[in-house]
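# Coordinate analysis (summary)
Each chain, letter by letter, is given below.
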Amino acid sequence: MRDQSETRTGYALLLPALGVLALLALYPILALCWLSLRHRILPFGIDEFAGLDHYAVLLQTPRFWNSLGVTLYFVGVSVALEAALGLCIALLLARNFPGAGWARALIILPWAIPTVVTAKMWEWIYHPDFGVLNYLLQATGLVSAPVNWLGTPSLAIHAAIVADVWKTTPFVVILLLAGLAMIPPDLYRASALDGASPWATFRHVTLPLLRPILLVVVLFRMIDALRAFDLLYVLTGGGPADTTETLAIYTYKILFQTLQFGYGSAIGVVMFLVVTLVSLLHFWVGRADFRRLAGRAP
Amino acid sequence: MPHVRFDRVEKRYGDKPVIRDLTLTVRDGEFFTLVGPSGCGKSTVLNLVAGLEPVTSGEIYFDDRAVTHLSPKGRDVAMVFQSYALYPHKTVFENLAFPLRVRKRTQAIITHEVRRVAALLGIEGLLVKEPAELSGGERQRVALGRAIIREPAVFLMDEPLSNLDAHLRVRTRSELKRLHARLKTTTLYVTHDQEEALSLSERIAVMKEGSIQQMGSPLEIYRFPANTFVAEFVGSPQINLLSGRLSWDPAPYVELGHVRLALPPVPESPVTVGPQRPPCNVIVGIRPEDIRVLATASPTSDFASVISVEPAGGRSVASLRWGPHEIRALAAGDFQAAPDQTVGIELEAARIHVFDACTGRRLPWDGPLTPRAGS
Amino acid sequence: MTAGPARQAMLRATLALVLTWALSPILWQALTSVKPDTELVILPPLLPAQPTLAHYTVLFEQHPFNQVLLNSFAVAGLTAFAALALGTLAAFPLARLPIRGKLLILGVVLGCSLFPAIVTVGPLFIIIRALGMRDTWWALIISHTTFALPLTIWVLANFLRDLPEDLYRAARVDGCTPWQGFTRVLLPLCRPGLAAAGILAFLFSWTEFLFALTFTATEAARTVPVAIVLFPGVHEIRWGEIAAASILVTLPVVVLVLIFHRQIVHGLTAGAIKG
């Protein structure tokens, strides 16, 4: 019954969406690559070919390497914490206790709040003089003097990581809860009868079956964290002393503060390559699981 | 091997009772089956024995040891699940080895035991495969192997054959019987398939809505069903149940509307006899296999008209109109008859069952029903 | 296999801890928003002695916050609508029609959602400036829709795939064209999926910051996230008002989440699980 009308209708229906995407998503990527090969400074109307000059400069700029390092550190620590914490919380919420539905709904809230609001909230909590964190720490005697969380170079990135983990752990929890729900209950019963302790059950039953979706979640979170902009822009603006300047912030500053669209685009291209690399690495590490997800034999 | 004793065990979910006042003993080394329709509570009984769910009241004993509050690990039971519950990311070898690994046996012992059990079940060739690569029958054997390898005190089996196709089911039944004869482990088996229950077990308990309707050997349950539910549940094709009226003149007879059935004076029922009763409404049960279909009516036989005939290989099931009743009877495999054709039928009088029309309980036709001691 | 009473108590305590951790920053901000200025700068008292709505009123009287809120609602609403419309149209062929290169198209669509937005903001800025759309709703609607599209397509395609195949075939046999089969039979059954995709698209647009920051210049088109960040105040930061604005922005989100949390979870987990 597969007649031509289905194929024609199909392409016709796809066209608007694909058109929008091609125009406003794909084209800018190409434009980005194109721009990165040019000197383009908007207000001065400069627009000339630059070849790979920008890339050469990039590789020799310490500020670039700093931003790359900050980005990888931020991503690594955040995602690791979110995965571990998210797993524990998901295991906690997976049981059916009275009020479980409410708990699962409430846990979504930190994720749904606009990131800039999260940033402002934590900025206020971290405030050296009026912030409630310093107040609590001093009241319980854990510290003696107010700590400048966002202004101290070694602390700022970690303060940002805490805020990011707070905001995005719910996303991990939601996906892991769904994954846990898919494990057949008979397996837990069989394991109990075989005499396995709760920890052994976790290692031999829960974790292996959770691995595919854990990989998916970690992949999503890594990609999200790599392009994190909102939180850091508002919390620290990249400071103090560039200790929280990720690739995204670095790119933004170059683009919109110095208006060097060519150089800024080059950084953007590098960011894009890093994201792609991480994604490919991920797919390779979890290739058996992803193939199973897609319905093919591992 | 312990015997398993239930003492007034009850299970409720909130206000809803699922198991009512269960008292029975599974003997040492016995193959005991719980059979009943879905939702009657039979799987719950297994969960209670395994320790996977707590009892609401009552006690469970293994020999004289109360296990009611022990964890599953402490009870030393093994269970074969309907879904097999094989660990999907482990090989067959690792699935079999898991119970031993958890008990920290040495690798040498584990390897030896796994190979021994695999040989017993004929699955040596599958040891390196994963469950996803196995057929249903193979998975079932691995599940059995995982239960056997621990040499537990009690086997629990929760409808282990229901996911197999018909031929495989019959073959596996006889293998289970052979295994049990060899291992002699106390086994509690649960199924909704009455044919399976009859063929596998030493003793059966028929369950309905949480309580046991009748307990006994397969032959007892089949020949002397305690009530209409058991009579209908056991036996295929299903028993014919007809309403009628029981009277004495003075020999007992049943009025079935169009015909009067004389009942033999000496019932084979193992119930004690008592004084005669006044006429009462009854339900008469007669199994299709106890009705003989004759191609033509003879002077001594009764007659009925054919509604339809369903051939089934070596025998046929004939639906007949007998007076005001519609009944089914077994006939020879090559039996043929047209609709509305008249045929003769003969009933085995000794195989007629009589049940009280109000309670559904079995009546010995010359006295009140007295329960047999010890059942 | 229920836990013993001691274990249950411990689990409940841990749960309380987790919920406290998740919700207390929000509660603290809510408390901050009703504390008068004088109380903001003194702690210990954690709770406001004289709660006031002054900060909220200031938002509407001294800053054009209602304009900003209107901008956000309009942009998010229209984005959700556009993303749903285009996304549904695209999801149907991807889920049900014989299109060549389906996997490739899906891959490209998913790939677009993985772009760092910062990567496209430069070229997009140039385009928008050239079209004279800077500082208008349209700039945001277009850019938001573009990046909400992969999400809606993904959610709806998965949803359509989960509907029984026979429904569409029955419609075709009854004489429907593919389009009619889609609009008359499948689409009405899609309501949960549409809700999930629409809410996720709305949330995405409501909370989006980078494009809103770059493409708007004045309150004419500015959305709430940007307004919060660019709060006026050179010598002193108006924490009370910022908190009030934060709560105002968060309220619609809280309402949506509490009512539609099942749809949100459904949308997020669609396709991530082999269903």
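Preceding this paragraph is the structure being described.
Along each chain, residue indices are assigned from 1 in the same order as the chain's sequence is written. To label them, take the chains in the order written and letter them from A, then take the ligands in the order written and number them from 1. Local features in this predicted model are restricted to residues whose pLDDT is 70 or higher, and side-chain atom pairs enter the listing and the counts only when it is 80 or higher, whereas totals over whole chains, interfaces and linings include all residues. Only hydrogens and water are set aside; all other atoms, that is, all heavy atoms of the structure, feed into the side-chain values.

### A short note on the overall build of chain C
The test is simple: In this text, helices come from DSSP runs of H or I with a minimum length of four residues, and strands from runs of E with a minimum of two, each type numbered from the N-terminal end. Each residue is placed in one exposure class: buried if its accessible area under a 1.4 Å probe, protein chains only, is under 20% of its type's maximum, exposed if it is over 50%, and partly exposed if it falls in between. By the convention used here, residues are in contact when the closest approach between their heavy atoms is within 4.5 Å. The method behind every accessible area is Shrake-Rupley, applied with a 1.4 Å probe, and residues are considered shielded solely by the protein chains displayed. Charge assignment: positive for Lys and Arg, negative for Asp and Glu; neither His nor the chain ends contribute. Charge positions are represented by NZ for Lys, CZ for Arg, CG for Asp and CD for Glu.
Scanning chain C from N- to C-terminus turns up 13 helices and 0 strands. For chain C, the C-alpha atoms occupy an extent of roughly 75 × 70 × 30 Å along the three principal directions. Taking all 275 residues of chain C together, the buried fraction comes to 55%. Of the contacts made within chain C by residues no fewer than 6 positions apart, 72% connect residues no fewer than 24 positions apart. Summing over all exposed atoms, chain C offers an accessible surface of approximately 12,000 Å²; the carbon and sulfur share of this is 68%. Here chain C contributes 17 positive and 12 negative side-chain charges, whose respective centroids are spaced 15 Å apart.

### Section: the sheet that holds strand S14 (residues 280–286) of chain B
Residue and element names in this part refer to chain B. The line we're drawing: For two strands to be treated as a pair, DSSP must find no fewer than two bridges joining them. Convention adopted: a line fitted to C-alpha atoms gives each axis, helices being fitted over their contacting stretch, and angles between N-to-C directions are expressed from 0 to 180 degrees.
The antiparallel open sheet is built from 5 strands, whose spatial order is S13-S12-S11-S14-S20. Two strands lie at the open edges of the sheet, namely strand S13 (260–262) and strand S20 (353–356), each paired on one side alone. Shown here is a sheet whose adjacent strand axes are inclined to one another by a mean of 40°, direction ignored. Pairing analysis gives 4 bridges linking strand S11 (residues 240–248) to strand S12 (residues 252–255), with the strands arranged antiparallel. Across the sheet, residue Arg245 finds its bridge partner in S12, namely Glu255.

### Points about the packing of aromatic side chains
Short version of the rule: The criterion for an aromatic pair is that two Phe, Tyr or Trp rings (for Trp, the six-membered ring) have centres within 6.5 Å, with stacked assigned to planes under 30 degrees apart, edge-to-face to planes over 60 apart and tilted to the rest.
For the structure shown, the criterion picks out 24 aromatic pairs over all chains. Aromatic pair Phe229 of chain A and Tyr233 of chain A: ring centres 5.1 Å apart, planes at 25°, arrangement stacked. For Phe229 of chain A, a relative accessible area of 4% translates into the label buried. Take Tyr233 of chain A: its relative accessible area is 22%, and that puts it in the partly exposed class. When the centroid spacing of 5.3 Å and the interplanar angle of 90° are considered together, the rings of Phe256 of chain A and Phe125 of chain C count as edge-to-face. Here Phe125 of chain C lies in helix H6 (residues 117–130) and Phe256 of chain A lies in helix H12 (residues 247–256), a pairing that spans two chains.

### Overview of unusual backbone geometry
All names here are of chain B. The peptide bond linking Ser236 to Pro237 adopts the cis configuration, its omega dihedral lying at 0°. If you trace the backbone, Pro237 turns up in the loop between helix H9 (228–233) and S11. Despite not being glycine, Glu159 shows a phi value in the positive range, around 45°. Its place among the elements puts Glu159 in the loop between strand S7 (154–158) and helix H6 (166–183). Notably, Lys184 is not glycine yet its phi reads approximately 55°, a positive angle. Topologically, Lys184 is positioned in the loop between H6 and strand S8 (186–191). The exposure class assigned to Lys184 is exposed, which follows from its relative accessible area of 53%.

### Regarding the interface of chain A and chain C
Often, the extent of an interface is quoted as the loss of accessible area on bringing the components together. Which entries qualify depends on this criterion: Once two parts are put together, the accessible area they lose, assessed with a 1.4 Å probe and summed over both, is termed the buried area. Basic side-chain nitrogens of Lys or Arg form a salt bridge, by our definition, when they fall within 4 Å of a carboxyl oxygen of Asp or Glu. Definition of a polar contact: a pair of N or O atoms within 3.5 Å, with one able to donate and the other able to accept a hydrogen when the atoms are protein atoms, and with sequence-neighbouring residues admitted only if both atoms are side-chain atoms.
Between chain A and chain C, the residue contacts involve 93 residues of the former and 90 residues of the latter. In total, chain A and chain C occlude about 8,300 Å² of area from one another, counting both sides; carbon and sulfur atoms represent 83% of this. Counting the contacts that link chain A with chain C gives 0 salt bridges. Seen at the junction of chain A and chain C, the total is 3 residue pairs in polar contact (both at pLDDT 80 or more). When residues in the side of chain A that touches chain C are grouped by element, the largest group, 22 residues, is from helix H1 (residues 4–36) of chain A.

### Quick word on the pairing of strand S6 (residues 77–80) of chain B
All names here are of chain B. In S6, alternate side chains face the same way, and those of Val77 and Met79 on one face and Ala78 and Val80 on the other are all buried. Pairing between S6 and S7: 4 bridges, direction parallel. For Val80, the partnering residue across the bridge sits in S7 and is Met157.

### So, helix H8 (residues 165–173) of chain C
Residue and element names in this part refer to chain C. For the record, the criterion: This arc is built from the directions going out from the helix axis to the C-beta atoms.
Along H8, the residues classified as buried are Tyr168, Ala171 and Arg172. Around the axis of H8, the buried residues are gathered within 100° of arc, so they sit on the same side. Exposed residues pointing more than 90 degrees away from the buried face of H8 are listed as Asp166 and Val173. Immediately downstream of H8, the backbone of Gly175 shows phi near 110°, a positive value.

### Observations regarding the pattern of salt bridges
Two side chains carrying opposite charge are able to pair once their charged atoms lie near each other. On inspection of all chains with the given rule, the structure shows 28 salt bridges over all chains. With its nearest N and O atoms 3.5 Å apart, the salt bridge here joins Asp224 of chain A to Arg221 of chain A. Taken together, the residues Asp224 of chain A and Arg221 of chain A, both in helix H10 (residues 198–226) and 3 residues apart, mark about one turn of the helix. Given the relative accessible area of 34%, Asp224 of chain A is considered partly exposed. Classification of Arg221 of chain A as buried rests on a relative accessible area of 4%. Of the charged contacts, one joins Arg12 of chain B and Glu10 of chain B as a salt bridge, the two residues approaching to 3.4 Å between their closest N and O atoms. Owing to a relative accessible area of 36%, Arg12 of chain B belongs among the partly exposed residues under this scheme. Among the charged side chains, a network of salt bridges with common partners joins Glu82, Asp164, Arg221, Asp224 and Arg227 of chain A.

### Points about the side chain of Arg96 of chain C
All names here are of chain C. Relative to the helices and strands, Arg96 resides in helix H4 (residues 65–96). With a relative accessible area of 10%, Arg96 lands in the buried category. Among the polar contacts listed, one links the side chain of Arg96 to the backbone oxygen of Leu163, at a separation of 2.7 Å.

### Notes on a nonpolar patch on the surface
This is how it is decided: Patch membership needs two things, relative accessible area over 30% and no salt bridge, and members are linked within 9 Å if like-charged or within 5 Å if nonpolar (Val, Leu, Ile, Met, Phe, Trp, Tyr).
Together, Leu26 of chain A together with Leu104 and Val108 of chain C make up a nonpolar patch on the protein surface, roughly 250 Å² of accessible area in all. Residue position: Val108 of chain C is located in helix H5 (residues 102–113). Classification of Val108 of chain C as partly exposed rests on a relative accessible area of 35%.

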